Amino acid sequence: MPIEIGHVEAIFRYPVKSMASERLGVANLGWHGLDGDRRLAFRRIDNRSGMPWLTASKLPDLLLFTPHRREDGAQGDLPTHVRTPEGHEMPVLGEDLATEVGRRYGAPVQMMQLNHGIFDEASFSVIASDTVREIGRLAGRSLDVRRFRPNVVVRLLRPAPFQEDEWLGGVLSFGEGDDAPAITVTMRDVRCSMVNLDPDSASPAPEVMKAVVRVNQNNAGIYGAVTRIGRLAVGQTITLHAAARTIPERPH
């Protein structure tokens, strides 16, 4: 039976991978995650690995760059400009921005655009605000949910941290009706050092990741694959269609 588990408390997207987030009231969930989410990223030109993207775990200052779209710019979900930590505005695809980021990183970078998004594990992530509060309690500090870079923050009806682990294999739907957007919960979100970084100052707090490791084997939140597209909105009901449980056969 479907179970109502909570409501959409907040929606975030990240136009440029590892740069500042954009908080939304409504968003379109497509087959490749939220429209406009992580469609741009800096590639480390000299890196030949399978993950050449420059992230805040390698350059914390990236969190302090703010993508935005000028009203007179191109229409759509992609930003036209980026504001640097010092307040300078540069075209998102311009050489000046790549030069500035490369200078801070210490090696050349190039802005790339991929229409299907540039994701580490999956195209959609969810975390409950109770999980964030519990990690903060264990770390001895109040935490901004933006440290965890979620697409959706859930306000749970039954407050309990790390409840997301129970959703594995199930389907989360957002809103009412048979055509409500939905994701299949595919895996737990294994955390990296980015959770240590304050989203407004980029200052590190190693006790945050240590708390996640200690209390939940370094997992906080979940990843999902989109199974039905549609409109997301703050305040929508979130329903869990739990995974079917198989009963093992008795030995003969």
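All values reported here derive from a predicted model rather than from experimental measurement. (Residues numbered from 1 in each chain as written. Predicted model: local features only at pLDDT ≥ 70, side-chain atom pairs only at ≥ 80, totals over all residues. Heavy atoms only, no water.)

Colleague: Honestly, the overall build of the protein chain in this entry has me stumped. Any pointers?
Modeller: In terms of helices and strands, the protein chain carries 3 helices and 16 strands. In terms of overall size, the protein chain behaves like a compact globule, its C-alpha atoms giving a radius of gyration of 19 Å where 252 residues would be expected to give roughly 18 Å. A burial count over the protein chain gives 52% of its 252 residues as buried. Residue pairs in contact within the protein chain that sit at least 24 positions apart in sequence constitute 71% of those at least 6 positions apart. Accessible surface, the protein chain: about 12,400 Å² in total, of which carbon and sulfur atoms supply 51%. (Helix = DSSP H or I, 4+ residues; strand = E, 2+ residues; numbered from the N terminus. Rg over C-alpha atoms; globule rule 2.2 N^0.38 Å. Buried < 20%, exposed > 50% of the residue type's maximum accessible area, 1.4 Å probe, protein only. Contact = heavy atoms within 4.5 Å. Areas by Shrake-Rupley, 256 points an atom, 1.4 Å probe, with all protein chains shown as cover.)

Colleague: Hey, could you run me through the packing of aromatic side chains in this one?
Modeller: What describes a pair of aromatic rings is the distance from one ring centre to the other and the angle between the planes of the rings. Under the counting rule described, the total for this entry stands at 1 aromatic pair. Ring centres of Phe124 and Phe174 lie 6.1 Å apart, and the angle between their planes is 70°; on these two criteria the pair is classed as edge-to-face. Placement of Phe124 in strand E10 (residues 124-128) and of Phe174 in strand E12 (residues 171-174) is noted, with a sequence separation of 50 residues between them. The buried category is assigned to Phe174, whose relative accessible area is 1%. (Phe/Tyr/Trp six-rings, centres within 6.5 Å; stacked < 30°, edge-to-face > 60°.)

Colleague: Is there a simple way to explain the pattern of salt bridges in this structure?
Modeller: Between side chains of opposite charge, a pair can form as their charged atoms come close. Going through the model one piece at a time under the given rule, you end up with 17 salt bridges. For the salt bridge of Glu100 with Arg104, the shortest nitrogen-to-oxygen distance reads 2.8 Å. Residue Glu100 and its partner Arg104 are located together in helix H1 (residues 95-105), separated by 4 residues, close to a single helical turn. There is no split in this pair, since Glu100 and Arg104 are both buried. Where Arg188 meets Asp165, a salt bridge forms, and the shortest distance between an N and an O atom there is 3.1 Å. Note that Arg188 is positioned in strand E13 (residues 182-190) and Asp165 in the loop between strand E11 (152-156) and E12, a separation of 23 residues in sequence. When its relative accessible area of 26% is taken as the criterion, Arg188 is described as partly exposed. By sharing partners, the salt bridges in this structure join Asp61, Glu86, Glu100, Arg103 and Arg104 into a single network. (Salt bridge = Lys/Arg side-chain N within 4 Å of Asp/Glu carboxyl O.)

Colleague: Would you mind showing me how to read the nonpolar core here?
Modeller: One broad rule of soluble globular proteins: the nonpolar side chains tend to lie buried together. Ranked by size, the top nonpolar core spans 23 residues in total, and within it Phe124, Val152, Trp167, Leu172, Phe174 and Ile183 carry the most contacts. Contributions of two or more residues to this core are made by strand E1 (3-13), strand E3 (26-30), E10, E11, E12, E13, strand E14 (219-228) and strand E16 (237-241). With residues near it in sequence (within four places) discarded, Trp167 still touches Ile5, Val126, Val154, Leu156, Leu172, Val185, Ile222 and Leu240. Among the nonpolar cores identified, the runner-up in size contains 18 residues, and Phe12, Ile135, Phe148 and Val153 belong to it. (Core = buried A, V, L, I, M, F, W, Y, C linked by side-chain atoms within 4.5 Å.)

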